[in-house]
Amino acid sequence: MTPSNEPAPPLVLTPALMSRLKPARIFKNAVEQPTPPSPGSASPRANQLGPRHISGISFDDRGDQVITAAEDETFRLYNCKSGKQVKTLYSKKYGVDLPRFTHKNTAILHASTKEDDTIRYHSLHDNKYLQYFKGHKGRVVSLEMSPVDDGFMSGSLDKTVRLWDLRSPNCRGLLNLPASPVVAYDASGLVFAVGVNQYSRILLYDQANFDKAPFMTITLEDPTLSLVSFPPRAIYMTSLAFSTNGKYLLVGCSGDAHYIMDAFDGHLLAKLEGHTGLERRKMDIPLNIEPSRGCSGEEVSWTPDSKFVVSGSLDGKICVWDVQNLPEKQKPVDLKSPPFRLQPLTVLEGHPGPSRCVKFNPRFAMMCSAGAELAFWLPDQSGDPEEIAKELLKKK
């Protein structure tokens, strides 16, 4: 027992601990499902899509709260410590997607799903809009807060990236791109990445000189895809995330693989396999010829120490990859060089239906996953039989 005035030692994430994650709390009613159609009325669309899902989740900076946004046009706030729902707020007029806590734990940004494509800055404290950020002419598919200040960035189907500041409704920077982009900041907030679909390029910009050309262009080309089909199916990027040390870039995709790139040299280091991509909503829907975003985008993320990557899957499972020993590649970049193919360290039994959102708490050993329901995961501390046996032997 540590004395009460000393903080408990932080829990270090290890492969054994990650394999012991269990759902500690499941919220079955985290999404309001539509009322079933009355007999005789035709509503084939609802049946085809299946149940409504949670489409986005976000932790506050301290890891005390998590917010969900769902297709029932609500956002719900949960306390991570008590494991209880705190409040439900509605956005029936504009819809809600891509919720992102600002650096205040009482305010969020979110994208709209109807009316227009405005980004809204919302106070959870008194349920009011604080600001509207207008400019996009297509749905916002990527939204990220700067890790260091009140800046944020959005990518939209209108093929633009816009840079903003919470304190001003006017956009302070605009990048026009040849296709729809996904965006990410590095941990220092000094560099941001823009993934451009159809061109398989990731552009790295200096935050201070975003109006200049990108200082680096990374090509994402996976030669192993031609072993699956010819011509190989194109990669569709749906999210980007830098590792904490800025060295790696995790590229989330709607297909059956995510990728890890070297953010300094542009090498493709690893291909994360073992899950089923979220390009479709249900397992029994056939794939389109053209790859698309589907319901992918929030399902893959780093753990805060960047030692593991967690991802959801169309079959509801959650894959955990140990990425502590990624191979080093020497310059120059060879696009024909196949990536290291990494299988999951463990596959956790997750949700009925797809696990669309999977994120790790920034401060606690807790993971949150969501689809048609929401789950909080904690490591099972009851211990491994072998560990207990070792402890008993020590005591003798």
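Please refer to the structure higher up on the page.
Here is a short report on the structure shown in this document. Model, not experiment: these values are computed from the prediction. (Residues numbered from 1 in each chain as written. Predicted model: local features only at pLDDT ≥ 70, side-chain atom pairs only at ≥ 80, totals over all residues. Heavy atoms only, no water.)

Turning next to the sheet that holds strand β3 (residues 65–70). With antiparallel pairing, the four strands of this open sheet are ordered in space as β2-β3-β4-β5. Strand pairing shows two members of the sheet lacking a second neighbour, β2 (54–59) and β5 (84–90), which therefore form its edges. Taken pair by pair, the neighbouring strands of this sheet meet at an average axis angle of 20°, ignoring direction. Pairing of strand β4 (residues 74–79) with β5, which is carried by six bridges, proceeds in the antiparallel orientation. Bridging from a neighbouring strand, Y78 pairs with Q85 of β5. (Pairing = 2+ DSSP bridges. Helix = DSSP H or I, 4+ residues; strand = E, 2+ residues; numbered from the N terminus. Axes fitted to C-alpha atoms, helices over the stretch in contact; angles between N-to-C directions.)

With that out of the way, let us pick up the side chain of H122. Mapped onto the secondary structure, H122 falls in strand β8 (residues 119–123). Since its relative accessible area comes to 2%, H122 is described here as buried. For H122, the side chain forms a polar contact with the side chain of N127, separated by 2.9 Å. Apart from residues no more than four positions distant in its own chain, H122 is found in contact with F75, L89, T106, A107, I108, H110, N127, K128, Y129 and L130. (Buried < 20%, exposed > 50% of the residue type's maximum accessible area, 1.4 Å probe, protein only. Polar contact = N/O pair within 3.5 Å; in protein donor to acceptor, adjacent residues only side chain to side chain. Contact = heavy atoms within 4.5 Å.)

Counted under the stated rule, the structure contains nine aromatic pairs. Note on F133 and W164: the rings are 5.6 Å apart at their centroids and 70° apart in plane angle, and the pair reads as edge-to-face. On the criterion of sequence distance, the pair formed by F133 in strand β9 (residues 128–133) and W164 in strand β12 (residues 160–165) is long-range, its members being 31 residues apart. Each member of the pair, F133 together with W164, is buried. Between F192 and Y205, the ring centres sit 5.2 Å apart and the planes meet at 15°, which makes this aromatic pair stacked. Within this pair, whereas F192 is found in strand β15 (residues 191–196), its partner Y205 is found in strand β16 (residues 201–206), the two being separated by 13 residues in sequence. No difference in accessibility class separates F192 from Y205, as the two residues are buried. Counting every residue linked through ring pairs, the aromatic cluster contains Y121, F133, F152 and W164. A cation sits over an aromatic face here: K134 above Y132, 5.3 Å from the ring centre. (Phe/Tyr/Trp six-rings, centres within 6.5 Å; stacked < 30°, edge-to-face > 60°. Lys NZ or Arg CZ within 6 Å of the ring centre and 35° of its normal.)

A few words on the sheet that holds strand β29 (residues 374–379). The sheet built from four strands is open, its strands ordered β1-β29-β28-β27 with antiparallel pairing. The sheet is open, and its two edges are formed by β1 (21–27) and β27 (357–360), each paired on a single side. If you compare each strand with its neighbour and ignore which way they point, the axes differ by 20° on average. The pairing of β27 with strand β28 (residues 367–370) spans four bridges and is classified as antiparallel. Residue pairing across strands places F360 opposite M367, the latter belonging to β28.

Bringing the pattern of salt bridges into the picture now. Enumeration over the complete set of coordinates arrives at 16 salt bridges. In this structure, the salt-bridge partner of D64 is R62, at a minimum N-O distance of 3.3 Å. For R62, a relative accessible area of 47% corresponds to the partly exposed category. A salt bridge links R139 to D97, with the shortest nitrogen-to-oxygen separation between them at 3.0 Å. Of the two residues, R139 sits in the loop between β9 and β10 (140–145) while D97 sits in strand β6 (residues 97–101), which places them 42 residues apart along the sequence. On the accessibility criterion, R139 (35% relative accessible area) is partly exposed. Linked by salt bridges that have partners in common, R100, E144, E298 and K359 make up one network. (Salt bridge = Lys/Arg side-chain N within 4 Å of Asp/Glu carboxyl O.)

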